Amino acid sequence: MSKLFNYDKAVNSILFSLSELGGMTDMHKLCKILYFADQRHLSVYGRSITGDTYIAMQFGPVPSCVDDILKALRGDSFFSSSAEIEPLRNSLSFENRYMIRALQAPDMDDLSKTDVECLAYAINLCKDKSFSELTEFSHGLAWSSTRRDREMSVKDILREVGDEEAYVDYIADIQKTQSAFL
């Protein structure tokens, strides 16, 4: 799915999530919000919000491109001094190694009504859960079916929410076709 990654939607999804959570949250909670929002949007509307690829990490699904961007912003990456990261420093900052703060409001023109609907759903789902509760909650079928530090399949992400196999195959085929043209 990484060829389908939409930087602007991802950044504005982060900013929207942070704004709904009082302006700040930890990376773990943010990653789970994005996972459940992307999963719901993919299941209900046939596309992911961010287009990110999810990796089955020890503490649950992690959006690969978002994780790379946040690590670069935090200074933990070869790309930390990259020109592409500089504009993001006006939008987000790290309070410590794990807590992210929004420095500006999201550009709502980059998020569709259905993006916001699914983000709000995921925020509500995750906002009151502790680190360990979110970890356990995100260790569903897709995570359990994937070796650690490997890409989670779109099919398993959809199966996890109970989508029918014909729909799972259809969405996977659409994403494969879209990726081929990018």
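Look up: the structure comes first, before these words.
Residues numbered from 1 in each chain as written. Predicted model: local features only at pLDDT ≥ 70, side-chain atom pairs only at ≥ 80, totals over all residues. Heavy atoms only, no water.

Participant: Just to check I follow, could you spell out the pairing of strand β2 (residues 54-57) for this structure?
Facilitator: Two faces belong to every sheet, and in a regular strand the side chains alternate between them. Alignment of β2 against strand β3 (residues 60-63), held across four bridges, turns out to be antiparallel. Among the inter-strand pairings, Tyr54 is bridged to a residue of β3, identified as Pro63. Between β2 and β3, which pair antiparallel in sequence order, lie two residues. (Pairing = 2+ DSSP bridges. Helix = DSSP H or I, 4+ residues; strand = E, 2+ residues; numbered from the N terminus.)

Participant: Explain the layout of surface pockets to me, please; I cannot follow it from the model alone.
Facilitator: A water-sized probe, rolled over the atoms, reveals where empty space remains. Within this model, the largest pocket holds a volume of roughly 370 Å³. His28, Phe59, Val62, Asp67 and Tyr98 are, among the 16 residues lining the largest pocket, the residues nearest its centre. A per-element tally of the lining of the largest pocket places helix α2 (residues 27-45) first, with four residues. In the lining of the largest pocket, the residues fall into seven nonpolar, three polar and six charged. Empty space within the second largest pocket amounts to approximately 210 Å³. Along its surface, the second largest pocket is lined by Phe5, Tyr7, Cys65, Asp68, Ile69, Ala72, Ser77, Phe79, Ser82, Glu84 and Ile85. (1 Å grid on protein atoms, 1.4 Å probe; cavity = no way out; pocket = protein on both sides within 12 Å on 5 of 7 lines; lining within 4 Å. Points joined across faces, edges and corners; volume = space filled by probe spheres on them. Nonpolar A, V, L, I, M, F, W, Y, C, P; charged D, E, K, R; others polar.)

Participant: When you look at helix α4 (residues 113-126) in this model, what are you seeing that I'm missing?
Facilitator: Given 3.6 residues per helical turn, the α-helix brings residues three or four places apart onto the same face. In this model, α4 (14 residues) spans 20 Å end to end at C-alpha, consistent with the 20 Å of a helix rising 1.5 Å per residue. Buried within α4 are the following residues: Thr114, Asp115, Cys118, Leu119, Ala122, Ile123 and Cys126. Its buried side turned inward, α4 meets α1 (7-20), α2 and α5 (131-137). (Expected span 1.5 Å × (residues − 1). Buried < 20%, exposed > 50% of the residue type's maximum accessible area, 1.4 Å probe, protein only. Contact = heavy atoms within 4.5 Å.)

Participant: Hey, could you run me through the pairing of strand β5 (residues 99-102) in this one?
Facilitator: As paired elements, strand β1 (residues 24-26) and β5 share three bridges and run antiparallel to each other. Counterpart to Asp26 in the pairing with β5 is Met99. The pairing of strand β4 (residues 92-94) with β5 spans three bridges and is antiparallel. Directly across from Leu92, in β5, lies its bridge partner Ala102.

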